[in-house]
Amino acid sequence: MSQGSINRRQFIQSGAVVGGALAATTSASAKEPKKKYQNKKSPWPVVLNASTIRKSPAADPTPALEKIRVAAEAGYDGIELWMNDLEELEKGGNKLSDVAKEIKDRGLFVPNVIGLWDGMPATQEEWEKSLTVTRDRMRMVSEVGSLHVAALPFPDRENFDLAWATDRYRDLLRIGRDDYDIKVTMEFIGFLKGLNRLGEACCIAIDSDEPSATVLPDTFHLFRGGSGFNGIRHLQPELISDFHWNDVPATPGQFELRDRDRVMPGDGILPLTQCLKDLYAIGYTGPLSLEIFNEEYWKLEPKETARIGLEKMLANIATAFA
């Protein structure tokens, strides 16, 4: 059977078999992470995703350098930037290597940049055309000192071919590793027509047959796409690059939610406490990144939103150890 003839059901089934082989050990035998972040309140670095303070009464968008300053002064461990932040910085005459030094000097790190937009087109011709922009984005990500860049399943389409996407993800991993010294992580988007579930992203990562392959889960997308949360306990911690953290309200309905509906952790209905317990049990020690797009918080000063966000994150984390 040719690679192109692998159908969706066969592909997912084969990924499930591999995923089962890589399943995590039980919580009884898993190595328990130490609480070494946030004054020993968290086993995970708590990161501010730049989307959370994207706008403010004073600026739309909030300048990238201010986002970095706010994250540091609020007490976060890192800042997760977006590609438009890097583009803004360069257009403003900033050397990204200098920005990387400032981030480090402020006691922060960059776990990931979002992301490689339109980096998974449907045809070979479109893929080759996309590489010029993709490579430039990887260059910027490398220069700002990020550990990862997210591969996003765009352009979106109903007939998103998982086998084709796996080949392209493998290519992206190798380009990032060999040419830019960065890792590429696979993100799924719950409200897309194409890649919208955790299992699909895991299939792509696992079947890439690359040791540095990872996925980027998001509590919103786990719920919105219908994956649920119980699958987390079956993952090896090394498969998770970063974890976007947020909550959702009871309304609108699950499959009507949009990014703007996200709320702070603990203010909604998601089973975040159990998810934290599962992450702890499998030995995950990577970042939890507060990512919301809530316009009510954009009405506040960024430092106030950041302060509230960190308080909410730590309160949520505490419930896992109560």
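Starting afresh in each chain, residues are numbered from 1 along the sequence in its written order. Owing to the predicted nature of the model, reporting of local features is limited to residues with pLDDT of at least 70; listing and counting of side-chain atom pairs is limited to 80 or more, with chain, interface and lining totals taken over all residues. Side-chain calculation: all heavy atoms of the structure are included, whereas hydrogens and water are not.

Visitor: How would you explain the overall build of the protein chain if you had to name every residue and give the values?
Guide: Note on conventions: DSSP H or I runs of at least 4 residues are helices, E runs of at least 2 residues are strands, and numbering of each starts at the N terminus. Of regular secondary structure, the protein chain possesses 11 helices and 8 strands. Relative to its length of 322 residues, the protein chain is compact, with a C-alpha radius of gyration of 19 Å against a globular reference of 20 Å. If one aligns the C-alpha atoms of the protein chain with their principal axes, the spans along those axes are about 55 × 50 × 40 Å. Working definition: with a 1.4 Å probe on protein chains only, accessible area under 20% of the residue-type maximum means buried, over 50% means exposed, and in between means partly exposed. Evaluated residue by residue, the protein chain yields a buried proportion of 54% over its 322 residues. Only carbon and sulfur atoms are counted for the fraction: they give 50% of the accessible area of the protein chain, which is about 14100 Å². The positive charge centre, built from 39 side chains, and the negative charge centre, built from 47, are 4 Å apart in the protein chain. Restricting the calculation to C-alpha atoms gives the radius of gyration, and the globule rule supplies 2.2 Å times the number of residues raised to the power 0.38. Residue burial considers only the protein chains on display, and all accessible areas are found by Shrake-Rupley using a 1.4 Å probe. A residue counts as positive if it is Lys or Arg and as negative if it is Asp or Glu; His and the chain ends are not included. For this purpose, a charge sits on NZ of Lys, CZ of Arg, CG of Asp or CD of Glu.

Visitor: Can you lay out the pattern of salt bridges for me, pointing to particular residues and giving the numbers?
Guide: One speaks of a salt bridge when a side-chain nitrogen belonging to Lys or Arg is within 4 Å of a carboxyl oxygen belonging to Asp or Glu. Per the stated rule, a full pass over the model turns up 24 salt bridges. Between D259 and R262 there is a salt bridge, with its nearest N and O atoms 2.8 Å apart. Since its relative accessible area comes to 0%, R262 is described here as buried. Here R307 ties to E304 by a salt bridge, and the two come within 2.6 Å at their closest N and O atoms. Note that R307 and E304 are positioned in helix α11 (residues 302-319) at a spacing of 3 residues, about one turn of the helix. Judged by relative accessible area, R307 falls into the partly exposed class, the value being 36%. Overall, the relative accessible area of 30% leaves E304 in the partly exposed class. Overlapping salt bridges, with partners in common, bring together E90, D136, R139 and E143 in one network.

Visitor: Just give me the short version of the state of the cysteines, but keep the residues and values in it.
Guide: When the sulfur atoms of two cysteines come within 2.5 Å, that pair is taken as a disulfide. Across all of its chains, the model carries 0 disulfides by this definition. In this structure C202 is a free cysteine whose sulfur lies 7.4 Å from that of C203, the closest cysteine sulfur available. We classify C203 as buried; its relative accessible area is 4%.

Visitor: I'd love a proper account of the nonpolar core, names of residues and values included.
Guide: What we call a nonpolar core is a set of buried Ala, Val, Leu, Ile, Met, Phe, Trp, Tyr and Cys residues that are connected through their side-chain atoms within 4.5 Å. Counting residues in hydrophobic clusters, the biggest one holds 84 residues, and the most contacted among them are L86, Y169, F243, L279 and L288. Counting residues per element, this core draws most heavily on helix α6 (residues 162-180), which supplies 8 residues. Between two residues, a contact is recorded if the distance between any of their heavy atoms is within 4.5 Å. For L86, the residues in contact, after removing those within four places along its chain, are L81, L96, V113, M140, V141 and V144. Grouped together as the second largest cluster of nonpolar side chains are 11 residues, I114, F154, F293 and W298 included.

Visitor: An account of helix α7 (residues 198-207) is requested, with residue identities and associated values reported.
Guide: The buried fraction of α7 is high, at 8 of 10 residues. Along α7, the positions that sit buried rather than exposed are L198, E200, A201, C202, C203, I204, A205 and I206. Where α7 ends, the next residue or the one after it, D209, has phi of about 60°, a positive value.

Visitor: Please provide a residue-by-residue account of the sheet that holds strand β1 (residues 46-49), values included.
Guide: Strand order in the open sheet formed by 8 strands is β6-β5-β4-β3-β2-β1-β8-β7, with parallel pairing between adjacent strands. Strand pairing shows two members of the sheet lacking a second neighbour, β6 (214-216) and β7 (243-245), which therefore form its edges. If you compare each strand with its neighbour and ignore which way they point, the axes differ by 35° on average. Being paired, for any two strands, means DSSP has found at least two bridges between them. Strand direction decides the pairing type here: strand β3 (residues 112-116) and strand β4 (residues 148-151), joined by 4 bridges, are parallel. Across the sheet, residue I114 finds its bridge partner in β4, namely A150. Its contacts with the sheet put α11 on β1, β7 and β8 (288-290), and the angle it makes with β1 is roughly 140°. Only C-alpha atoms enter the line fits that serve as axes; for helices the fit covers just the stretch in contact. Angles between N-to-C directions range over 0 to 180 degrees.

Visitor: So what's going on with the pairing of β4? Residues and values would help.
Guide: Of the two faces of β4, the one lined by H148 and A150 and the one lined by V149 and A151 are each fully buried. By the criterion used throughout, a crossover qualifies as right-handed when its path from the first strand across the helix to the second strand runs clockwise, the strands pointing away from the viewer. Of the crossover connections in this fold, the one passing from β3 over helix α5 (residues 124-143) to the parallel β4 is right-handed. Pairing between β4 and strand β5 (residues 183-187): 4 bridges, direction parallel. Each residue of the ladder has a partner; that of A151, found in β5, is M186. Where the polypeptide runs from β4 across α6 and back to β5, its parallel neighbour, the crossover connection is right-handed.

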